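Each chain, written out:
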Amino acid sequence: MTVLNGEATERPPIWFMRQAGRYLPEYRALRAEKGGFLDLVYDVEAAIEVTLQPLKRFGFDAAILFSDILVVPYAMGQDLWFEEGEGPRLAPKLLDTLLESLTAAPERLEPVFRTVAGVKAALAPDKALLGFAGSPWTVATYMIAGQGSREQAEARRLSYREPERVAALLDAIAETTIGYLRAQIDAGADAVQLFDSWSGSLSPRQFEQMVIAPNAKIVAALKQSHPDTPVIGFPKGAGGKLPAYARETGVDAVGVDETVDPEWAHASLPSGMPVQGNLDPLSLVTGGPQLHDAVDRILKAFSGRPHIFNLGHGIVPDTPIAHVEAVLAQVRGR
Ligand code: CP3
């Protein structure tokens, strides 16, 4: 929390996106027992346990709520399930169904708030609890196509063909997301992160309209109700558009993916703004001297500003546990 409040620390705090997940044997065991990923998310006691697993094993500095960005479309009335080995599915897809025909089911978000409260109650006071949501554009790409899609082509085509329809969808997602994040903060989240995983596929004009504007709207609403809760924005793939995102959305901190040169990021982002990132998850899988060098380079590049050490994207299932331990030791100077 010190870093998110804008103070540089000698050693950066560290957590990893997707730190609770299939690379952990204790996660795989609980998942097998409960059935599947969504069964874990909706079993509050299990979700609390999974959220805490990586802290128990590694002592990360923050816990991130165990849930998924797609519970928001689920609460907006789409069906949600995960196809084993493939990924998420949402139905009916909005490419051929109107948003107005869905029946909202806000009670589908309730278990998440109970998970947040349960984690908060179990967490040591020196650990931060992060809540999160997907950003409207990223969530919309799944709602429109009904699943993950190459280059988000369906959603991008629809946004050129029927811009008003997509704008209305982004507004509706932003509204639900504002209430969702406020309730996470009320339940005990110390900070929240907005994941815009597919911001990288947009043209500059669309980036302004569909990434910067909706994220700015969410941040402004949160600042009104919860002025002291930091918001981390993670516009994955934004590249050269990162500085504009950092300046114009009002986020307190910015997440940087692994394709961004950390020295460029340090030079280009507003001075003093906390930065989170940006080790390549595949460098972590491989390990060895290249991993050591990559960690070192990130630590040096961001040593002059508030920095949260993280990956540039989620940890992948074949990550060796020993490599996670090695990075923690290196970042902590041990
Ligand atoms: O960071 C965390 O640990 C918090 C929990 C979290 C999950 N998903 C758990 C999860 C967060 C923040 C997310 C975000 C998310 N979910 C995003 C944005 C960030 C990103 O990764 O780009 C997106 C696009 C999704 C949608 C989603 N969820 C996909 C495409 C998949 C399937 C891919 C995969 O890895 O299997 C998921 C499943 C998912 N969400 C898993 C986890 C731990 C894997 C679950 C499992 O199979 O056990």
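A.B. asks: Help me understand the nonpolar core, please; the structure alone is not making it clear to me.
C.D. replies: Taken as a class, soluble globular proteins show a tendency for nonpolar side chains to be buried jointly. Among the nonpolar cores identified, the biggest contains 113 residues, and Phe-16, Phe-60, Leu-279, Leu-284, Phe-309, Val-324 and Val-327 are the most heavily contacted of them. Counting residues per element, this core draws most heavily on helix α8 (residues 163-187), which supplies nine residues. If near-sequence neighbours (up to four positions away) are discounted, Leu-284 is found in contact with Phe-16, Leu-279, Leu-291, Leu-311, Ile-315, Thr-319, Pro-320, His-323, Val-324 and Val-327.

A.B. asks: Any chance you could explain the sheet that holds strand β6 (residues 231-235) here in plain terms?
C.D. replies: Sheet strands line up and pair through hydrogen bonds in the backbone, either parallel or antiparallel. Judged by pairing direction, the sheet is parallel, and its seven strands sit side by side in the order β1-β4-β5-β6-β7-β8-β9 without closing on themselves. Taken across any chain shown, the strands that pair with only one partner, and hence form the sheet edges, are β1 (62-64) and β9 (307-311). Ignoring strand direction, the axes of neighbouring strands in this sheet form an average angle of 25 degrees. Together, β8 (275-279) and β9 form the strand contacts of helix α13 (residues 289-301), whose direction differs from that of β8 by roughly 160 degrees.

A.B. asks: Looking at this structure, I do not really get the packing of helix α7 (residues 153-161) against α8. What am I missing?
C.D. replies: Working note: a packed helix pair is described by the angle between its axes plus the distance between those axes. Look at α7 against α8: their axes get within 5 Å of each other, and the N-to-C directions meet at 120 degrees. Within the contact between the two elements, α7 uses Leu-158, Ser-159, Tyr-160 and Arg-161 and α8 uses Pro-163, Arg-165 and Val-166. Here the residues of the contact of α7 with α8 sort into four nonpolar, one polar and two charged.

A.B. asks: Sorry, what's going on with the site of the ligand here?
C.D. replies: Lining the immediate surroundings of the ligand are 21 residues, of which Arg-18, Tyr-27, Arg-31, Asp-68 and Ser-197 lie closest. Separating an oxygen atom of the ligand from a side-chain N or O atom of Arg-22 is a distance of 2.9 Å. Against a free-state accessible area of 860 Å², the protein chains account for coverage of 86% of the ligand. A majority-of-atoms criterion places the ligand in the largest pocket. Residue classes in the shell around the ligand are distributed as 13 nonpolar, four polar and four charged.

A.B. asks: Got a minute to help me understand the packing of helix α6 (residues 136-145) against α8 in this structure?
C.D. replies: Closest axis-to-axis distance for the α6/α8 pair is 9 Å, and the angle between their directions is 115 degrees. Of the two possible hands of crossing, α6 and α8 adopt the one that is right-handed. Contacts between α6 and α8 involve Pro-136, Trp-137, Val-139, Ala-140, Met-143 and Ile-144 from the former and Val-166, Leu-169, Leu-170, Ile-173 and Ala-174 from the latter. Partitioned by chemical class, the residues of the contact of α6 with α8 number eleven nonpolar, no polar and no charged.

Calculation rules
Residues numbered from 1 in each chain as written. Predicted model: local features only at pLDDT ≥ 70, side-chain atom pairs only at ≥ 80, totals over all residues. Heavy atoms only, no water. Core = buried A, V, L, I, M, F, W, Y, C linked by side-chain atoms within 4.5 Å. Buried < 20%, exposed > 50% of the residue type's maximum accessible area, 1.4 Å probe, protein only. Helix = DSSP H or I, 4+ residues; strand = E, 2+ residues; numbered from the N terminus. Contact = heavy atoms within 4.5 Å. Pairing = 2+ DSSP bridges. Axes fitted to C-alpha atoms, helices over the stretch in contact; angles between N-to-C directions. Nonpolar A, V, L, I, M, F, W, Y, C, P; charged D, E, K, R; others polar. Near = heavy atom within 4 Å. Polar contact = N/O pair within 3.5 Å; in protein donor to acceptor, adjacent residues only side chain to side chain. Areas by Shrake-Rupley, 256 points an atom, 1.4 Å probe, with all protein chains shown as cover. 1 Å grid on protein atoms, 1.4 Å probe; cavity = no way out; pocket = protein on both sides within 12 Å on 5 of 7 lines; lining within 4 Å. Sits in = over half its atoms within 2 Å of the grid points. Left-handed = near helix turned anticlockwise from the far one by under 90°.

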